[in-house]
Amino acid sequence: MDFLRKVAPPLLAILAIMLFWEWLVWVKGWPNYKMAAPSDLWPAFWKYRTLFLIQGWETLWRTVVGLGLAVVFGTFLGMIMGFSRLLRDALYPVLVGFNAVPKATVVPVIALIFVGEHDFNTVLIAFMISFFPIAVSVSIGLSTLEPEYRDILRALGASRLTIFWKIALPKTLPEFFGALKVSVTLAFIGTNLMEIVEPHGRGLGALFDSGKINADYPLMFAVLFALAFLGIVLFYIVVALERVFAGWADRSGG
Amino acid sequence: MGDLVELRAVTHAYRTKAGPLPVLDDLSLTIPEGKFCAVVGPSGCGKSTLTRLIAGLMMPDRGEVFLHGEKVKSPRKTVGMAFQNPVLLEWRTILENVMLPLEIVAPSMPRSQRETRARDLLALVGLAGFETKRPSQLSGGMRQRASLCRSIVHKPEVLIMDEPFGALDAFTREDLWQLMHRLRAEEPFTALLITHDLRESVYLADEVIVLSDRPARVQYRMAIDAPAPRPISMLYDPDSVAKLAILREQIEIAQGRSGEVH
Ligand SMILES: Nc1ncnc2c1ncn2[C@@H]1O[C@H](COP(=O)(O)OP(=O)(O)OP(=O)(O)O)[C@@H](O)[C@H]1O
Ligand SMILES: [Mg+2]
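Residues numbered from 1 in each chain as written. Chains lettered and ligands numbered in written order. Predicted model: local features only at pLDDT ≥ 70, side-chain atom pairs only at ≥ 80, totals over all residues. Heavy atoms only, no water.

S.K.: Can you tell me about the overall build of chain B, naming the residues and giving the values?
M.R.: In terms of helices and strands, chain B carries seven helices and ten strands. What you see for chain B is a C-alpha radius of gyration of 19 Å, in line with the 18 Å of a compact globule of 262 residues. With the principal axes as the frame, chain B shows a C-alpha extent of 60 × 45 × 40 Å. Buried positions account for 54% of the 262 residues belonging to chain B. Relative to all contacts within chain B whose residues are 6 or more apart in sequence, the contacts with residues 24 or more apart total 69%. For chain B, the accessible area works out to roughly 11500 Å², and carbon and sulfur atoms hold 51% of it. (Helix = DSSP H or I, 4+ residues; strand = E, 2+ residues; numbered from the N terminus. Rg over C-alpha atoms; globule rule 2.2 N^0.38 Å. Buried < 20%, exposed > 50% of the residue type's maximum accessible area, 1.4 Å probe, protein only. Contact = heavy atoms within 4.5 Å. Areas by Shrake-Rupley, 256 points an atom, 1.4 Å probe, with all protein chains shown as cover.)

S.K.: Talk me through the nonpolar core; I want residue IDs and the actual numbers.
M.R.: Nonpolar side chains tend to gather and get buried jointly when the protein is soluble and globular. Counting residues in hydrophobic clusters, the biggest one holds 100 residues, and the most contacted among them are Phe52 and Ile167 of chain A together with Leu7 and Leu50 of chain B. For this core, the element with the highest residue contribution is helix 8 (residues 160–197) of chain A, accounting for 13 residues. Apart from the residues lying within four places of it in its own chain, the contact partners of Leu50 of chain B are Leu7, Leu24, Leu27, Leu29, Val39 and Leu211 of chain B. (Core = buried A, V, L, I, M, F, W, Y, C linked by side-chain atoms within 4.5 Å.)

S.K.: With reference to specific residues and values, describe the site of ligand 1.
M.R.: Residue and element names in this part refer to chain B. Around ligand 1 lies a shell of 14 residues, among which Gly44, Lys47, Ser48, Thr49 and Arg214 are the nearest. Here an oxygen atom of ligand 1 and a backbone polar atom of Gly46 are 2.9 Å apart. Interatomic distance of 3.2 Å between a side-chain N/O atom of His196 and an oxygen atom of ligand 1. For the shell around ligand 1, the secondary structure elements donating two or more residues are strand 1 (3–16), strand 2 (19–32) and helix 1 (47–54). When the residues that make up the shell around ligand 1 are grouped by side-chain class, the tally is four nonpolar, seven polar and three charged. (Near = heavy atom within 4 Å. Polar contact = N/O pair within 3.5 Å; in protein donor to acceptor, adjacent residues only side chain to side chain. Nonpolar A, V, L, I, M, F, W, Y, C, P; charged D, E, K, R; others polar.)

S.K.: Tell me about the interface of chain A and chain B, and please be specific about residues and values.
M.R.: Taken together, the contacts link 17 residues of chain A with 24 residues of chain B. At the boundary of chain A with chain B, total buried surface from both sides reaches about 1900 Å², with 70% on carbon and sulfur atoms. Put simply, chain A and chain B have two salt bridges between them. Across the pair Glu103 of chain B and Lys166 of chain A runs a salt bridge whose closest N-O atoms are separated by 2.8 Å. There are four residue pairs in polar contact (both at pLDDT 80 or more) connecting chain A and chain B. Take the side of chain A that touches chain B: its biggest share by element is six residues, from helix 7 (residues 147–154) of chain A. Of the residues that constitute the side of chain A that touches chain B, the class distribution is nine nonpolar, two polar and six charged. (Buried area = accessible area lost by both parts, 1.4 Å probe. Salt bridge = Lys/Arg side-chain N within 4 Å of Asp/Glu carboxyl O.)

S.K.: Lay out the sheet that holds strand 10 (residues 218–223) of chain B in plain terms, naming residues and giving numbers.
M.R.: Residue and element names in this part refer to chain B. On the basis of which strands lie adjacent, the open sheet formed by six strands has the order 6-7-8-3-9-10 and mixed pairing. At either margin of the open sheet sits one strand with a lone partner, and together these are strand 6 (79–83) and strand 10. Geometrically, the sheet is characterised by an average inter-axis angle of 15 degrees between neighbouring strands, direction not taken into account. Across four bridges, the pairing between strand 3 (residues 36–40) and strand 8 (residues 190–194) is parallel. Paired with Phe36 across the bridge in strand 8 is Ala191. Along the sheet face, helix 7 (residues 238–254) touches strand 3, strand 9 (207–211) and strand 10 and points at about 175 degrees away from the line of strand 10. (Pairing = 2+ DSSP bridges. Axes fitted to C-alpha atoms, helices over the stretch in contact; angles between N-to-C directions.)

S.K.: How would you explain the side chain of Thr172 of chain A if you had to name every residue and give the values?
M.R.: Along the chain, Thr172 of chain A turns up in helix 8. Ignoring sequence-local partners within four residues, the contact set of Thr172 of chain A consists of Val138, Gly141 and Leu142 of chain A.

S.K.: Give a description of the domain arrangement of chain B that names residues and reports values.
M.R.: All names here are of chain B. Each domain of chain B was delimited in the assignment, giving domain 1 (1–76 + 158–262) and domain 2 (84–156). The distance between the C-alpha centroids of domain 1 and domain 2 comes to 25 Å. The largest per-residue losses of area from domain 1 upon contact with domain 2 belong to Leu179, Leu183 and Glu187, which jointly make up 31% of the total buried on that side. Remark: the boundary between domain 1 and domain 2 carries one salt bridge. (Domains from an automatic or database assignment.)

S.K.: An account of the sheet that holds strand 1 of chain B is requested, with residue identities and associated values reported.
M.R.: Pairing in this open sheet of four strands is antiparallel, and the strands run 2-1-4-5 (chain B) from one edge to the other. The two strands at the open ends of the sheet, each matched to only one other strand, are strand 2 and strand 5 (70–71) of chain B.

Printed below as a string of structure tokens:
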């Protein structure tokens, strides 16, 4: 019953949007190269089902690897900036500048530097686009830790590592997961950016590109849907992890 | 019994942008083992600084701090601390919060033993049945009880409290005063209590120390000899009332307002 109440509304919402869309295309009489209708998508999915699975997996694993690197590096950077004022002051402007550069302009540069290393390039872009929120949230979480929280352990002679492990880290987990929800979407965008801007025949981005080249518009729309689906799955995996590791921060009383 | 805590001519200044800010000036005080010492003084005179020096969280510019005759150079496991903010960890249950110091101080102690110790203390302060609750599910008074449990769970020699009851309403505060006496009867420790409440100092302490305004020195000391089971009504005894009047006067002197007309 509870499960139904959680799952039914979004499913109904999706269904309603689909129906409206179908109706709109039908009423306006759009040809499918202008706007494909949901009913055009299923044949496209079915026709390319193995490709969707293979390319979807390509996109997925590169996104997850890029995100994983972003988590490791972002947390590390956040720790450095969270514990040292000097390094925070030194690195913050650099980071902000780095983050401000549109990644679409970085893609060709990376593709040139590491020419032919498609997996590496794609993972790198996914990583570069997604570590920033994690680094910022961890550094803010650590630097705003109230001194008393540190002191309850420090007064007992606990090491900095123990304090980090027992207090600072768990206390920043809610912020960390907030950032991770942003990062997971960003990493996904990064992967697709590489796949589409510098196509190398793999990933959903490449499938999208081939749809474009062959003027297979239903395929292009189908790819968009597959991307949305993967995005939702990744996002909710993060939400589930958040429940497990930072569920205590949810005071809504569930 | 000797002195458990001893400060010898402690002088300390904070380095601020506007130059050094002298906070403690040639301050000496001792707390005999097993005694309860309350420290009162004007706001900002350096009371919290004093607690941090005794806990070894900071080193004084000059002078020395001794615990059990040993010079304090860094934090040590035989100290317990409680603050105005109960600082309970929201991701831990109340029981796990109370067990935290044991994880640091006695990492080899079996979990079951830690748990038993924590449960016993929680029962002692009237929190039996709340072991698995989260801190946010407790009232302010209950949180401060749990915080007190945590500060003595590892049987510290000295318990340092910085205005632990400052944020509580008057009735809850009196409850906790009485609890403090019960705890001391069950778990002997030496205590240093920073407070703004003169009644609290008289009700709880064996000795009350009044600090002068910043930079703080010991301005006045008063022994409170009332015998062990102290009822709250003790505060209305003529003797206590007279003591409170003296302390109030001393605070006014410390604030530099003794000449003012009331
Ligand atoms: N880390 C610090 N750096 C600079 N100045 C500080 C620092 N900590 C405290 N001070 C200053 O030193 C003085 C004494 O501080 P302290 O916290 O010891 O006072 P207190 O007696 O505990 O005050 P209160 O009664 O308000 O709790 C205050 O004027 C405070 O502003
Ligand atoms: Mg203070």
